Amino acid sequence: MEHATVTITAGPALFAPERRAVSVAAIALVSMLAFEALAVTAAMPEIARALDGLEQYALAFGATLATSVIGMVAAGSDCDRHGPARSMLAGLLLFAAGLLAAGFASDMHMLVFGRVLQGLGSGAMGVALYVTVGRWYPAELRPRLFALFAAAWVLPAIIGPGLAGLIVEWLGWRWVFLAV
């Protein structure tokens, strides 16, 4: 009777030196976007009260969601033509500008404008991130990385709302945007 020999080889790793920086940056980006989304949700009642903008409460969320779709479409087209780097940079700049506009908003109109910029940026970054994964990682690693992306929402979901509440109480609602 012959015994079969099974050889197990370690396949490519997500955090191998050649992929480590991209993997860490990608997971950090997902965590940042998750924290921002959850923190703003927790802080928005205080923000709307402070800016006397309860009537625009829903718009502050809806505008972000709607413009993220526009950011996704624009980035998809751009990534097809030029690769993901341009869309990632544009997304980061738009998102950062939106955080600043929202963080320094003097009224709800400015806050909504900042949220529009955040939506455009987050949509562009999301598409650029997935294109990067498709180009940078072999097929057998992608499910593991996508699982880590899902896990990157867990910690912000658990501590994000409470942390946002503490930030609002101790530092003020503006820091929910400015600290990101």
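From a predicted model like this one, the values you see are computed outputs, not experimental measurements. Within each chain, residue numbers correspond to sequence positions counted from 1 in written order. Whole-chain, interface and lining totals are the exception, using all residues; otherwise, since this is a predicted model, local features are given only for residues with pLDDT of at least 70 and side-chain atom pairs are given and counted only at 80 or more. Hydrogens and waters are ignored; side-chain quantities use all the structure's heavy atoms.

A. Structural view of a nonpolar patch on the surface. Distance thresholds for patches are 9 Å for like charges and 5 Å for nonpolar side chains (Val, Leu, Ile, Met, Phe, Trp, Tyr), applied to residues having over 30% relative accessible area and no salt bridge. The protein chains shown are the only cover counted for residues, whose accessible areas, like all others here, come from Shrake-Rupley with a 1.4 Å probe. Salt bridges are identified by distance alone: a Lys or Arg side-chain nitrogen within 4 Å of an Asp or Glu carboxyl oxygen. On the surface, a nonpolar cluster with roughly 940 Å² of combined accessible area is contributed by Val-154, Leu-155, Ile-158, Ile-159, Leu-163, Leu-166, Trp-170, Leu-171 and Trp-175. It is helix H6 (residues 154–170) that provides the largest number of residues to the nonpolar patch, a total of seven residues. Helix and strand definitions follow DSSP, with helices as H or I runs of at least four residues and strands as E runs of at least two, each counted in order from the N terminus.

B. Quick peek at the packing of aromatic side chains. Each Phe, Tyr or Trp ring (for Trp, its six-membered ring) is paired with any other whose centre lies within 6.5 Å, and the angle between the two planes then decides the class: stacked below 30 degrees, edge-to-face above 60, tilted in between. Summed over all chains, the structure comprises five aromatic pairs. Between the aromatic rings of Tyr-130 and Phe-146, the centroid separation amounts to 5.2 Å while the plane-to-plane angle is 25 degrees, which identifies the pairing as stacked. Separated by 16 residues along the polypeptide, Tyr-130 in helix H4 (residues 108–136) and Phe-146 in helix H5 (residues 142–151) bring together distant segments of the chain. Burial classification: accessible surface area is computed with a 1.4 Å probe over protein chains only, and a residue below 20% of its type maximum counts as buried, one above 50% as exposed, and the rest as partly exposed. The class for Phe-146 is partly exposed, based on a relative accessible area of 32%. Among the aromatic residues, those joined into a cluster by ring pairs are Tyr-130, Phe-146 and Phe-149.

C. A look at the nonpolar core. Put simply, a nonpolar core is a bunch of buried Ala, Val, Leu, Ile, Met, Phe, Trp, Tyr and Cys residues held in one set by side-chain atoms that sit within 4.5 Å of each other. Counting 42 residues, the largest nonpolar core has Ile-47, Leu-111, Phe-149 and Phe-177 as its most contacted members. Here this core gets eleven residues from one element, more than from any other, and that element is helix H1 (residues 20–50). When checking whether two residues touch, look at their non-hydrogen atoms; a contact exists if any pair is within 4.5 Å. The residues touching Leu-111, leaving out its near neighbours within four places in the chain, are Met-44, Ile-47, Leu-51, Ala-60, Ala-102, Ala-105, Trp-173 and Phe-177.

D. Local environment of H6. For H6, spanning 17 residues, the distance from its first C-alpha to its last is 24 Å, which sits close to the expected 24 Å at 1.5 Å a residue. What the bend at a residue measures is the angle between two axes, fitted to the seven residues ending there and to the seven starting there. Of all bends in H6, the biggest is about 45 degrees, found at Gly-160, and the proline Pro-161 comes one to four residues later. Tucked inside the fold, the buried residues of H6 contact H1 and helix H7 (174–178). Gly-172 lies just past H6 and shows a positive phi near 110 degrees. Multiplying 1.5 Å by the helix residue count minus one yields the expected span of that helix.

E. Seen up close, the pattern of salt bridges. As enumerated under the stated definition, the model contains four salt bridges in all. Between Arg-19 and Glu-18 there is a salt bridge; the shortest N-O distance is 3.6 Å. Looking at Arg-19, the relative accessible area reads 9%, which means it is buried. Of the charged contacts, one joins Asp-78 and Arg-86 as a salt bridge, the two residues approaching to 2.6 Å between their closest N and O atoms. Under the relative-accessibility criterion, Asp-78 is labelled buried at 9%.

F. Looking closely at the confidence of the model for the chain. Confidence of the predictor at the level of single residues is captured by pLDDT, which takes values from 0 to 100. Per-residue confidence for the chain averages 93 on the pLDDT scale, and 94% of its residues sit at or above 70. When mean pLDDT is taken per element in the chain, helix H3 (residues 84–103) scores highest with 98 and H6 scores lowest with 93.

G. Spotlight on the side chain of Ser-68. Its place among the elements puts Ser-68 in helix H2 (residues 57–82). For Ser-68, a relative accessible area of 8% corresponds to the buried category. Among residues more than four places away in sequence, those in contact with Ser-68 are Gly-119, Leu-120, Ser-122 and Gly-123.

H. The arrangement of the packing of H1 against H5 in detail. Axis geometry follows a simple rule: fit a line to the C-alpha atoms, using only the stretch in contact for helices, then measure angles between N-to-C directions, giving values from 0 to 180 degrees. Running from amino to carboxyl end, H1 crosses H5 at an angle of 30 degrees, the nearest separation of the two axes being 9 Å. H5 is crossed by H1, and the crossing has right-handed handedness. Two secondary-structure elements touch here, H1 through Ala-26, Ile-27 and Val-30 and H5 through Leu-145, Leu-148 and Phe-149. Three categories are distinguished: nonpolar for Ala, Val, Leu, Ile, Met, Phe, Trp, Tyr, Cys and Pro, charged for Asp, Glu, Lys and Arg, and polar for the others, with Gly belonging to the last. Each residue belonging to the contact of H1 with H5 can be placed in one class, and the counts come to six nonpolar, no polar and no charged. Crossing handedness is read from the near helix: turned anticlockwise from the far helix by less than a right angle, it gives a left-handed crossing, and turned clockwise, a right-handed one.

I. Representation of the environment of Leu-14 in the model. One can find Leu-14 in the segment before H1. On the basis of relative accessibility, which here comes to 7%, the residue Leu-14 falls in the buried class. Distance from Leu-14 to Gly-62, taken between C-alpha atoms, is 35 Å for residues 48 residues apart in sequence. When neighbours within four sequence positions are excluded, Leu-14 is seen to be in contact with Arg-19, Arg-20, Ser-23, Tyr-137, Leu-141, Arg-144, Leu-145 and Leu-148.

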